[in-house]
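Survey of secondary and tertiary structure
Residues per chain are reported as follows:
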Amino acid sequence: MAAPLRIQSDWAQALRKDEGEAWLSCHPPGKPTLYGSLTCQGIGLDGIPEVTASEGFIVNEINKKSIHISCPEENASSKFLAPYTTFSRIHSKSITCLDISSGGGLGVSSSADGSMKIWQASNGELRRVLEGHVFDVNCCRFFPSGLVVLSGGMDAQLKIWSAEDASCVVTFKGHKGGILDTAIVDRGRNVVSGSRDGTARLWDCGRSACLGVIADCGSSINGVAVGAADNSINLGSPEQMPSEREVGTESKMLLLAREDKKLQCLGLQSRQPVFLFVGSDAFNCCTFLSGFLLLAGTQDGNIYQLDVRSPRVPVQVIHRSGAPVLSLLSFRDGFIASQGDGSCFIVQQDLDYLIELTGADCDPVYKHFHIF
């Protein structure tokens, strides 16, 4: 991957005034950083600033909310997007997890302030406060219906909530350590959780019961993902007849991002191993791109792309900085990634440039779950 470009986090405001300036830089691996600046030469009649770049950088295109910049010497090119809107009153401390409902109407988020809240995605207006976890909430996501929320906390409890009246309708108990991530199987009759206790569990939402420990790996499970397997992948057969309460687990893979530098894949219904891959550092997050392609991110900044059919050697390893990879999300024909240095970027196969989501100023960008 080309050398990462960086830009001042509030570049859109800085370049809105005459002679306003914003810094930018290019970070080629193993070479000195190239520093530059952008200067506003005036505002056009359409309200779009006329911007020039210092030596070594080129402004390809600019509008009110985006600027496309290249550094030809390093063959680097990025389109930086400014936030469409910012909601700063929902939480008082950093936001640790965020999801948007399938229709795009509601958001749910958890925070280091100990709260979990549902809000209107259009204007940030608070709708519900979900109270019931003891200690911090680590993860929260909507079910596909958009009417129900699944959350996991440091209290080792998994909870299901009504987004309409904020009532907790189900509590799952069984984990011995904090729950770090969850995945929903198909429409949500079953869900999966990964915990600090080293286990991944499958749960029956209708009966609020544990259907089984899918994996017990002796190392904290930081991320989980469920995906439909390509027909060419052998998931093995279950040793005993699956419960009739298991719905949609057939021909599904379960991916576990582990603290002990291992990425584990197994058949969700069969519980049989598919592969075990050893990475450069603790795995924080993982996601499926297709029936055989997957991504996983590590604490030392590597994004591994693997093919389940031949997982020994990565398809590619993307490394933009040494900051921890905290979130990965499949998007169109590519993916979105966020890191602990505040960067959040989109890689798409058909684009010869990266898309960077700006606005975070060196604050980590934590879990995000949904694109709409």
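On a predicted model such as this, the values are computed, not experimentally measured, just so you know.

Ranked by size, the top nonpolar core spans 25 residues in total, and within it Val108, Leu130, Val149, Phe172 and Val191 carry the most contacts. It is strand β12 (residues 137-142) that provides the largest number of residues to this core, a total of 4 residues. Setting aside residues up to four positions removed in sequence, Val191 forms contacts with Phe143, Leu150, Leu158, Phe172, Ala183, Ile184, Val185, Arg201, Leu202, Trp203 and Cys205. With 20 residues, the next largest nonpolar core counts Ala14, Leu38, Ile69 and Cys71 among its residues.

Let us now look at the sheet that holds strand β17 (residues 190-195). Sheets are built from strands that pair by backbone hydrogen bonding, the pairs being arranged parallel or antiparallel. Spatially, β16-β17-β18-β19 is the arrangement adopted by the 4 strands of the open sheet, whose pairing is antiparallel. Two strands close off the open sheet at either side, each with one partner strand: β16 (179-185) and β19 (209-216). The sheet shows a mean angle of 20 degrees between the axes of neighbouring strands, direction not considered. Here β17 runs beside strand β18 (residues 199-204); their pairing, made up of 5 bridges, is antiparallel. Considered in β18, the bridge of Asn190 is made with Asp204.

With that out of the way, let us pick up the sheet that holds strand β21 (residues 252-258). Overall, antiparallel pairing links the 4 strands, which are arranged β20-β21-β22-β23 in an open sheet. Each having just a single partner strand, β20 (221-228) and β23 (273-278) make up the two edges of the open sheet. When the angles between neighbouring strand axes are averaged without regard to direction, this sheet yields 15 degrees. For β20 and β21, the ladder comprises 7 bridges, and the chain directions are antiparallel. Bridge pairing in β21 places Ile221 opposite Arg258.

What follows is about the packing of aromatic side chains. Given two aromatic rings, their pairing is described by the distance between the two centres and the angle made by the two planes. Per the stated rule, a full pass over the model turns up 4 aromatic pairs. An angle of 65 degrees between the planes, with centres 5.9 Å apart, marks the rings of Phe87 and Trp119 as edge-to-face. You can see Phe87 sitting in the loop between β7 (76-81) and β8 (95-100) and its partner Trp119 sitting in strand β10 (residues 116-120), a full 32 residues away along the chain. On the accessibility criterion, Phe87 (27% relative accessible area) is partly exposed. On the basis of an interplanar angle of 65 degrees and a centroid distance of 5.3 Å, the ring pair of Phe277 and Tyr304 is categorised as edge-to-face. With Phe277 in strand β23 and Tyr304 in strand β26 (residues 302-307), this residue pair connects regions lying 27 residues apart in the sequence. With relative accessibility at 8%, the residue Tyr304 sits in the buried group. It is Arg320 that lies over the ring of Phe345; its NZ or CZ is 4.1 Å from the centre.

Per the UniProt annotation, the sites labelled "repeat: WD" (unreviewed entry) are residues 88-129, 130-171 and 172-204. What you have in residues 130-171 is 0% helix and 50% strand, and the ends, taken at the C-alpha atoms, are 13 Å apart. Helix makes up 0% of residues 172-204 and strand 61%, and the two end C-alpha atoms of the span are 9 Å apart.

Criteria and thresholds
- Residues numbered from 1 in each chain as written.
- Predicted model: local features only at pLDDT ≥ 70, side-chain atom pairs only at ≥ 80, totals over all residues.
- Heavy atoms only, no water.
- Core = buried A, V, L, I, M, F, W, Y, C linked by side-chain atoms within 4.5 Å.
- Buried < 20%, exposed > 50% of the residue type's maximum accessible area, 1.4 Å probe, protein only.
- Helix = DSSP H or I, 4+ residues; strand = E, 2+ residues; numbered from the N terminus.
- Contact = heavy atoms within 4.5 Å.
- Pairing = 2+ DSSP bridges.
- Axes fitted to C-alpha atoms, helices over the stretch in contact; angles between N-to-C directions.
- Phe/Tyr/Trp six-rings, centres within 6.5 Å; stacked < 30°, edge-to-face > 60°.
- Lys NZ or Arg CZ within 6 Å of the ring centre and 35° of its normal.
- UniProt positions renumbered as here; feature names shortened; annotations may be inferred.

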